[in-house]
Structures are given as C-alpha cells and as structure tokens.
Amino acid sequence: MIARIHGPGAAADPLRGLFATEIGGRSAVVAYEPDAELRDTERVPLQEEGGIETFLEREVLPYAPDAWYRADSEKIGYRIDFRRHFHRPGKMRGLEEIRDEILALERETGTLMDNIFEGAGR
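Residues numbered from 1 in each chain as written. Predicted model: local features only at pLDDT ≥ 70, side-chain atom pairs only at ≥ 80, totals over all residues. Heavy atoms only, no water.

Draft legend 1. Layout of the pattern of salt bridges. Under the criterion given, the structure shown has eight salt bridges. Between Arg58 and Glu48 there is a salt bridge; the shortest N-O distance is 2.9 Å. Taken together, the positions of Arg58 in helix H1 (residues 51-60) and Glu48 in the loop between strand S3 (26-32) and H1 put the pair 10 residues apart, joining distant regions of the chain. Among the ionic pairs, Asp100 bridges to Arg99, the shortest N-O distance being 3.5 Å. The class for Asp100 is partly exposed, based on a relative accessible area of 38%. Where salt bridges share partners, they join Asp13, Arg16 and Glu53 into one cluster. (Salt bridge = Lys/Arg side-chain N within 4 Å of Asp/Glu carboxyl O. Helix = DSSP H or I, 4+ residues; strand = E, 2+ residues; numbered from the N terminus. Buried < 20%, exposed > 50% of the residue type's maximum accessible area, 1.4 Å probe, protein only.)

Structure representation (structure tokens):
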C-alpha cells in the first residue's frame, strides 16, 4: 500500500523506502507503508565505515533485496557489557568439595524418600 506520493523533483532512494514507479502513465516516487510482520531490527556498529547504508548493502540486501529503513526510526546508542568490564568471579570450589556436597544431597534425598514411602504404608 502506498503511504505517500512525492512531488516532482523527488529522487528515488530504495534504501530509505523511496521507490520510482509509474502512476497513471507518469513517473513518480512513492513511499510504501511498512509491513509490520516483516519489520526487523539490526545492530549496526557505531563506527561502521560508510554508515547504515554500507552495512545494509553488505549484510542485509544480499538476503532481503527489497529491504529498506526509515531514517526517522534510527536509534543511536551504545551497549556496555557490565559483566565483561566489572564482574570479578569468586574463587571456584574444588572437585572434592562438589563431590562431597552431591553425596550429602543423595543421602538426604534417600532419607526423605524412605520417610515418604514409610508414611504411605510401604
């Protein structure tokens, strides 16, 4: 569905959703309504050389040749992985300690199961 027909002098720019077409035998540039079911997002590196256009041409268009983006929906931000920069893992337990804990849990579970079955009239 056509969202807008641009006036004379508008240039087609398929990466930004402006497509050249013919309406009533005359050339026109139109913007289509985006299909919400096909909408997707991409994370473009902040310092991508060539910007969003280069990224789309290299990473998206080979797989979705009719893809385009709306410049007014761009969101610029930065992701900081706090775990990577600030997390300090504690000392790991030894295998002996882990084994002892598992054996203790097995003994406890066995005792609990015995109590359950005894109460059920085993």
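Let's pick the thread back up.
Draft legend 2. Main features of the sheet that holds S3. If you trace the three strands from one edge of the open sheet to the other, you get S1-S3-S2, paired in antiparallel fashion. Single-partner strands in this sheet number two, and they are strand S1 (2-6) and strand S2 (18-23). Taking the axes of each pair of neighbouring strands and ignoring which way they run, one obtains an average angle of 45° across the sheet. Taken together, the four bridges between S1 and S3 define a ladder with antiparallel strand orientation. Within the sheet, the bridge partner assigned to Ile5 lies in S3 and is Val30. (Pairing = 2+ DSSP bridges. Axes fitted to C-alpha atoms, helices over the stretch in contact; angles between N-to-C directions.)

Draft legend 3. Local environment of the environment of His87. For His87, the location among the structural elements is in the loop between helix H2 (82-86) and helix H3 (95-119). With 76 residues separating them in the primary sequence, His87 and Ala11 have C-alpha atoms 51 Å apart.

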